[in-house]
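Spelled out from the first residue to the last, the chains are:
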Amino acid sequence: MQLDTISFNNPLSGETSEDTTKLPFTLQDLKSAIPAECFQPNVTKSLFYFFRDILIIGLLYAVANYLDSWLFFPIFWLMQGTMFWALFVVGHDCGHQSFSKHKWLNDLIGHLSHTPILVPYHGWRISHRTHHKNTGNIDNDESWYPVTESQYKEMPLAQKIGRYYVFLLAYPVYLFKRSPNKEGSHFLPSSSLFKPSEKWDVLTSTVLLIGMVGLLGFLTYQWGWMWLLKYYAVPYLVFIVWLDLVTFLHHTEPELPWYRGEDWTFLKGAISSIDRDYGLVNHIHHDIGTHVAHHIFLNIPHYNLLKATEAIKPVMGEYFHKSEEPIWKSLWRSCVSCHFVPDSGSRVYYTSNNLAKD
């Protein structure tokens, strides 16, 4: 595995370390290195990827319905669930307003991308905004942030099982209940996730999602539970696994630092993420594994991330994190190595329950 983290190396003892040095580059240095066109969304190209995903999803449904074979359904489930995930990434660009320069178009395509896969577009968009504003901040980050050792020891068994053993199915729970030690629903305007001014956005997404659930209920009534299982439920589960897998691996790595207090800055948090290689799936899910550049400049459309990444690598040098190891190996290593962080310290790293006992 190639993981360039000289200044951020995880202390072998698992102890905390203070981060009092400044980064050798600024946000402006990185922006200046990226070609200006990378920041400009191309509506034609953005719409192409959206309609391409919709077309593939439609073709997969047509083939599955035509064949109606249990020999084909496992292939269909894997492919369709992956395309659901790709469609989510298109909506992800919409949420960042990097799909186009028109907010109305971003919101329209965002709802068309997210509602069919049971994601409340505005509710998710707002909480995801909080994640980007606080990436790498133990206290304020919104998703996949570490718990402290004390919190880990006090965590109920059921919560530990959910967080550390079946976390690849966590996303629906997150939508209803948020992450550990936080409260709020992505469906209710009264949630602490949202400002009063965002009430109608949240309600709009919630009503649309309820309508989608109603449509699924009607189709199930017409064609039966087996139809729901074969054509929607299993692909949806595959989509959820993809979403949790990729987002978990974006920010869960033993060598990545997490910050507290004044040592955290936006740029330190943004570069405390990691690029990963998903092989043939890279293009299918719109290069979302190219994550460092995305966190630094969230307004770059997905189809410009590879070019932007190559531009910032020379500037960041050994502060740029990229893993070349197989995804399954990275997943296993992070699962067994990343359980909690120390209770104190302004810059800390993940450790595991087993290491803490040594």
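Here the structure is a predicted model, which means the values were calculated and not measured.

**Student:** How do you make sense of the overall build of the protein chain when you look at a structure like this?
**Tutor:** Check the secondary structure of the protein chain and you find 16 helices and four strands. The C-alpha atoms of the protein chain give a radius of gyration of 21 Å, which matches the 21 Å a tight globule of 358 residues would have. Overall, the C-alpha framework of the protein chain stretches about 60 × 50 × 45 Å when taken along its three principal axes. Every one of the 358 residues in the protein chain was classed for burial, and the buried ones make up 56%. Within the protein chain, contacts between residues separated by at least 24 positions form 72% of all contacts whose residues are at least 6 apart in sequence.

**Student:** It is not clear to me how the UniProt feature "domain: Fatty acid desaturase" (unreviewed entry) in the protein chain should be interpreted in this structure. Could you clarify?
**Tutor:** Here the UniProt-annotated "domain: Fatty acid desaturase" (unreviewed entry) positions come out as residues 69-319. For residues 69-319, the helix share is 59%, the strand share is 2%, and the end-to-end C-alpha distance is 50 Å.

**Student:** Just to check I follow, could you spell out the packing of aromatic side chains for this structure?
**Tutor:** Geometry of an aromatic ring pair is reported as the spacing of the ring centres plus the angle between the planes. If you walk through the whole model with that rule in mind, you get 31 aromatic pairs. Measuring from centroid to centroid gives 6.1 Å for F76 and Y231, while their planes differ by 65 degrees, and the two rings are edge-to-face. In this pair, F76 is assigned in helix α3 (residues 73-95) and Y231 in helix α10 (residues 225-251), connecting sequence segments 155 residues apart. Across the pair, exposure class does not vary: F76 and Y231 are buried alike. When the ring of W85 is compared with that of F88, the centres are 5.6 Å apart and the planes differ by 15 degrees; the resulting orientation is stacked. Of this pair, W85 and F88 both sit in helix α3, separated by three residues, roughly a single helical turn. Of the two residues examined, W85 and F88, each falls in the buried class. Here a set of aromatic residues connected by ring pairs shows up, and it is made of Y61, W70, F72, F73, F76, W77, W223, W227 and Y231. In this structure, K160 packs its charged tip against the face of Y152, placed 4.2 Å from the ring centre.

**Student:** Hey, could you run me through the nonpolar core in this one?
**Tutor:** Soluble globular proteins: nonpolar side chains tend toward being buried together. If you look at the biggest cluster of nonpolar residues, it comprises 56 residues, and the most contacted ones within it are F76, W85, F88, Y171, Y232, F239 and W242. Counting only elements with at least two residues in this core, the list comes to α2 (43-67), α3, α4 (103-114), α5 (121-133), α8 (171-177), α9 (199-223), α10 and α15 (327-337). Sorting elements by how many residues they give to this core places α10 first, with 15 residues. For Y232, the contacting residues outside a window of four places in its chain are Y61, F84, P116, I117, L118, M212, L216 and W227. In this structure, I34, C38, L267 and V292 belong to the second largest nonpolar core, which totals 21 residues.

Definitions and limits used
- Residues numbered from 1 in each chain as written.
- Predicted model: local features only at pLDDT ≥ 70, side-chain atom pairs only at ≥ 80, totals over all residues.
- Heavy atoms only, no water.
- Helix = DSSP H or I, 4+ residues; strand = E, 2+ residues; numbered from the N terminus.
- Rg over C-alpha atoms; globule rule 2.2 N^0.38 Å.
- Buried < 20%, exposed > 50% of the residue type's maximum accessible area, 1.4 Å probe, protein only.
- Contact = heavy atoms within 4.5 Å.
- UniProt positions renumbered as here; feature names shortened; annotations may be inferred.
- Phe/Tyr/Trp six-rings, centres within 6.5 Å; stacked < 30°, edge-to-face > 60°.
- Lys NZ or Arg CZ within 6 Å of the ring centre and 35° of its normal.
- Core = buried A, V, L, I, M, F, W, Y, C linked by side-chain atoms within 4.5 Å.

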